[in-house]
Amino acid sequence: MKEKFYRFMQGRYGNDQLNRFLMFLVMACFILSLFRVRLVYIVGIGLLVYAYFRMFSKNAYKRRAENAVYLRYEYKVKQTFATWKRDMQQRKTHHIYRCPSCRQKIRIPRGKGKIEIRCPKCSNTFIKKS
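Rules used in this analysis
Residues numbered from 1 in each chain as written. Predicted model: local features only at pLDDT ≥ 70, side-chain atom pairs only at ≥ 80, totals over all residues. Heavy atoms only, no water. Helix = DSSP H or I, 4+ residues; strand = E, 2+ residues; numbered from the N terminus. Salt bridge = Lys/Arg side-chain N within 4 Å of Asp/Glu carboxyl O. Buried < 20%, exposed > 50% of the residue type's maximum accessible area, 1.4 Å probe, protein only. pLDDT = per-residue confidence, 0-100. Pairing = 2+ DSSP bridges. Contact = heavy atoms within 4.5 Å.

Draft legend 1. Broad picture of unusual backbone geometry. With phi around 65 degrees, Arg-36 is a residue other than glycine that occupies positive phi space. With respect to the helices and strands, Arg-36 occurs in the loop between α2 (17-33) and α3 (38-56). Phi is positive for Arg-103, close to 65 degrees, though the residue is something other than glycine. Positionally, Arg-103 belongs in the loop between β1 (94-98) and β2 (105-109).

Here is the structure:
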């Protein structure tokens, strides 16, 4: 039986990061559908069909392109959360201001009173409390 499955999957795309994410969404949809939300169940079935379509597809070029797009979006989301986390950790010791003219983030140490801040990008100066 195992050999038949190996032969069947030969030349097919298989599993990747996008498929794992789709399967996670399918599980989430099925769990939410336990609360009698019919539309979520239908969306879950659609995602499951699409995930299996990708897994059994022989067009590896298209599936790799889809996975690359997914990985780009995933990277952007991870970077956004990492930046947010870093900013939250730095708020204990620093104020983070934005330049009023160019919107550049500027990090100023806390506890210095009112100070004049010069933007390193556009050289605009403004006064803020640190």
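Still to come is the rest of the account.
Draft legend 2. The arrangement of the pattern of salt bridges in detail. One pass over the structure, following the stated rule, counts 6 salt bridges. Residue Lys-78 is joined to Glu-74 by a salt bridge in which the shortest nitrogen-to-oxygen separation is 4.0 Å. Within this pair, Lys-78 and its partner Glu-74 are both found in helix α4 (residues 60-90), separated by 4 residues, close to a single helical turn. Lys-78 sits in the exposed class, given a relative accessible area of 53%. Asp-87 is the salt-bridge partner of Lys-105, the closest N and O atoms lying 2.7 Å from each other. Highlighted residues: Lys-105 in strand β2 and Asp-87 in helix α4, separated in sequence by 18 residues.

Draft legend 3. Representation of the confidence of the model for the protein within the structure. For the protein, per-residue confidence averages 89 on the pLDDT scale, and residues scoring 70 or more make up 100% of the total. Least confident of the elements in the protein is helix α1 (residues 2-9), whose mean pLDDT is 77; most confident is α2, at 94.

Draft legend 4. Region of interest: the pairing of β1. Note: β1 against β2, 5 bridges, orientation antiparallel. Counterpart to Tyr-97 in the pairing with β2 is Ile-106. Once β1 ends, the chain turns through 6 residues before running back antiparallel as β2, passing Arg-103 with a positive phi of about 65 degrees.

Draft legend 5. The arrangement of the environment of Arg-63 in detail. By secondary structure assignment, the location of Arg-63 is in helix α4. Arg-63 gets classed as buried once you look at its relative accessible area, which sits at 7%. For the pair formed by Arg-63 and Leu-18, sequence separation is 45 residues and the distance between their alpha carbons is 9.3 Å. Residues contacting Arg-63, with those up to four places away along its chain left out, are Tyr-13, Asp-16, Phe-53, Arg-54 and Ser-57.

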